[in-house]
Amino acid sequence: MSSMPGTVLLSGIVGSTAYGLAHAGSDIDRLGLFAAPTEGFHGLHRPAESHVTTAPDRTLHEAAKWCRLALGANPTASELVWLPDDLYEVRTPLGEELIAIRRSFLSARGVRNAYLGYATQQFRKLLTRDTADRATRARAAKHARHLVRLLDQAVHLHEAGHNLVRLPDPARVRDLGERIADDPAHAERLLAAATDRLDRPGVLPDRPDERPADAWLRRVRATHWTREQGPTG
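Bear in mind that the values here come from a model prediction, so they are computed numbers and not experimental data.

## Some thoughts on the overall build of the protein
Then, in step 1: The helix and strand tally for the protein stands at 9 helices and 5 strands.
Then, in step 2: When its C-alpha atoms are laid out on the principal axes, the protein stretches across 75 × 40 × 35 Å.
Then, in step 3: When burial is assessed residue by residue, the protein has 44% of its 233 residues classed as buried.
Then, in step 4: Restricting to contacts in the protein with at least 6 residues of sequence separation, those with at least 24 account for 75%.
Then, in step 5: When the accessible surface of the protein is totalled, it reaches about 12,300 Å², and 51% of it is carbon and sulfur.
Then, in step 6: Averaging the positions of the 32 positive and the 29 negative side-chain charges in the protein gives two centres separated by 2 Å.

Next up, the structure:
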């Protein structure tokens, strides 16, 4: 990532390692956000909003894009500010400020739509898998684990207002993943139960509060502004 224009503000290890679901062959996934130089937004072509590499597996979003994703309760992007402390690899003062306002990104509507939406996608993938093939069944079990995790996280967010990134019982999620891979009907019951709980009153506001994110982003832009030097004399 040495050629990436900008400054990484917050970065950490996400995915199966963060959830407690990693095994010996699991990849190490990294997620972060960066600030592009502010003057880059004043020209004809805006800075790239994301930088993705596969060796290592790392995704970095520009600060404004990350804020938009988090305000929409995107499950993958949002977990960056809810990681256990030991999984952060870059944690700047501006990154600390973002972690401090993480609850302002949450909303009942966003969590319900995003998490249930992603879980439903995993369910549809399950239905297209021929689990008679060993490799295909392994992928089905992976989709099932993601489905269970997303539903657990959604309910916890809705009822407790906190993103449960590190799962309290990974063995339960693995076991359910295997059972669902064999019989997707288990997933239908989980989806119905989670939907019912998310339809009840929770602790989250209906909409996120954009003001802290807007103020933070303005501080990012001010910090990363370098005045262009004109001709001398």
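Now that the structure has been shown, the text picks up again.
## So, the sheet that holds strand 1 (residues 7–14)
Then, in step 1: Read from one edge to the other, the open sheet built from 5 strands follows the order 3-4-2-1-5, with strand pairing classed as mixed. The sheet is open, and its two edges are formed by strand 3 (50–54) and strand 5 (88–91), each paired on a single side. Here the average twist between neighbouring strands, direction ignored, is 15°.
Then, in step 2: The sheet contact formed by strand 3 and strand 4 (residues 57–62) spans 5 bridges and is antiparallel. Pairing of Ser50 across the sheet is with His61, part of strand 4.
Then, in step 3: Along the sheet, helix 2 (residues 63–71) makes contact with strand 2 (29–35), strand 3 and strand 4, crossing strand 4 at roughly 95°.

Quick notes on the rules
- Residues numbered from 1 in each chain as written.
- Predicted model: local features only at pLDDT ≥ 70, side-chain atom pairs only at ≥ 80, totals over all residues.
- Heavy atoms only, no water.
- Helix = DSSP H or I, 4+ residues; strand = E, 2+ residues; numbered from the N terminus.
- Buried < 20%, exposed > 50% of the residue type's maximum accessible area, 1.4 Å probe, protein only.
- Contact = heavy atoms within 4.5 Å.
- Areas by Shrake-Rupley, 256 points an atom, 1.4 Å probe, with all protein chains shown as cover.
- Lys, Arg positive; Asp, Glu negative; His and termini not counted.
- Charge placed at Lys NZ, Arg CZ, Asp CG, Glu CD.
- Pairing = 2+ DSSP bridges.
- Axes fitted to C-alpha atoms, helices over the stretch in contact; angles between N-to-C directions.

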